[in-house]
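# A look at the structure
Chain by chain, the residues:
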Amino acid sequence: MGIIMILFTLLGGITLSAQSSVNGTFSRKAGTIETTLLTFITGSIFLVILIIFFGQGNVLKILEAPKWQLSAAFLGTLYGLLVIAAVPKIGVIATNISAIVGQLVISIVIDNFGWFNSLVIPLDLKRSFALLFMVIAIYFIYKGNKRPSKDAHA
C-alpha cells in the first residue's frame, strides 16, 4: 500500500506542476485572482460530484471541526493564488522548487516542535544541510532561467 501512496503522490506532483503552468499562462489573460477563482470553483464542482458518488462521511461534520483546522482551506487557496502569480514571472520550475523548499522548511519546524500533534523529530545537522542544498538549488534554478528576448521573435 505504501508504494501505491508514493505513486499517487508522484502523480499529484505531476498534476500540480502541469496545473501551475496552465494557470500561470491563463492568468496573463484572465488575471491572477480570476484564474484562482476558476480553479477553485471547478475543483469544488469536481469534489461535489466525487462526494455524491464516493463520499464516505458527513459533510456537515466540517462544522464540528476545531476552528484552527478550517484554516487549511484558506492556506490552500493562498498557495494557489501565490503559485499562479509566480509562474508567469519566474517560471514553473523556480516556482515549484521554491514551494517545495517552503514546504520542507515549515515541515522541519512542525516536526521539531511537534505542532498539530505530529511526531517530534528534532532538527539535526543532516536536515540542516538538506535545506541549505535546497536553497542553493533555488538559486541556481532561478539564475538559470533564460527568457528569450523580444527581438528574437522578430
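Quantities reported herein were computed from a predicted structural model and do not represent experimental measurements.

### Some remarks on the overall build of the protein chain
- Tallying secondary structure elements over the protein chain gives 5 helices and 0 strands in all.
- When the helices and strands of the protein chain are read in sequence order from the N terminus, they spell out α-α-α-α-α.
- On C-alpha atoms alone, the protein chain measures out to a radius of gyration of 19 Å, which is more than a quarter above the 15 Å that the 2.2 N^0.38 rule sets for 154 residues.
- Here the C-alpha coordinates of the protein chain stretch approximately 60 × 45 × 30 Å along the principal axes.
- Sorting the 154 residues of the protein chain into buried and exposed places 17% on the buried side.
- Of all intrachain contacts in the protein chain linking residues separated by at least 6 positions in sequence, the fraction that spans at least 24 positions is 61%.
- A total of about 11900 Å² of accessible surface is found on the protein chain, and carbon and sulfur atoms cover 74% of it.

### Re the packing of helix 1 (residues 2-30) against helix 2 (residues 32-54)
- Following both chains from N to C, one finds helix 1 and helix 2 inclined at 130 degrees, their axes separated by 7 Å at the closest point. By the angle between their directions, the pair helix 1 and helix 2 is classed as oblique. For the pair helix 1 and helix 2, the sense of crossing is right-handed. Residues Gln 19, Asn 23, Phe 26, Ser 27 and Ala 30 of helix 1 touch helix 2, and the partners they reach there are Thr 32, Glu 34, Thr 35, Leu 38 and Thr 39.
- Taken together, the residues that form the contact of helix 1 with helix 2 break down as 3 nonpolar, 6 polar and 1 charged.

### Considerations on the pattern of salt bridges
- If you walk through the whole model with that rule in mind, you get 2 salt bridges.
- A salt bridge links Arg 127 to Asp 111; the nearest nitrogen and oxygen atoms lie 3.5 Å apart. Separated by 16 residues along the polypeptide, Arg 127 in helix 5 (residues 125-143) and Asp 111 in helix 4 (residues 92-113) bring together distant segments of the chain.

### Concerning the packing of aromatic side chains
- Applying the stated criterion across every chain, the model contains 5 aromatic pairs.
- Here Phe 113 and Trp 115 contribute two aromatic rings whose centre-to-centre distance is 5.7 Å and whose plane-to-plane angle is 20 degrees, an arrangement assigned as stacked.
- Ring geometry for Trp 115 against Phe 116: centres 6.5 Å apart, planes inclined by 80 degrees, an arrangement best described as edge-to-face.
- When its relative accessible area of 39% is taken as the criterion, Trp 115 is described as partly exposed.
- The exposed category is assigned to Phe 116, whose relative accessible area is 54%.
- An aromatic cluster is present here, built from Trp 68, Phe 113, Trp 115 and Phe 116 joined pairwise through their rings.

Analysis parameters
- Residues numbered from 1 in each chain as written.
- Predicted model: local features only at pLDDT ≥ 70, side-chain atom pairs only at ≥ 80, totals over all residues.
- Heavy atoms only, no water.
- Helix = DSSP H or I, 4+ residues; strand = E, 2+ residues; numbered from the N terminus.
- Rg over C-alpha atoms; globule rule 2.2 N^0.38 Å.
- Buried < 20%, exposed > 50% of the residue type's maximum accessible area, 1.4 Å probe, protein only.
- Contact = heavy atoms within 4.5 Å.
- Areas by Shrake-Rupley, 256 points an atom, 1.4 Å probe, with all protein chains shown as cover.
- Axes fitted to C-alpha atoms, helices over the stretch in contact; angles between N-to-C directions.
- Parallel < 35°, antiparallel > 145°, perpendicular 65-115°, else oblique.
- Left-handed = near helix turned anticlockwise from the far one by under 90°.
- Nonpolar A, V, L, I, M, F, W, Y, C, P; charged D, E, K, R; others polar.
- Salt bridge = Lys/Arg side-chain N within 4 Å of Asp/Glu carboxyl O.
- Phe/Tyr/Trp six-rings, centres within 6.5 Å; stacked < 30°, edge-to-face > 60°.

The values reported here are purely geometric and, on their own, carry no functional implication.
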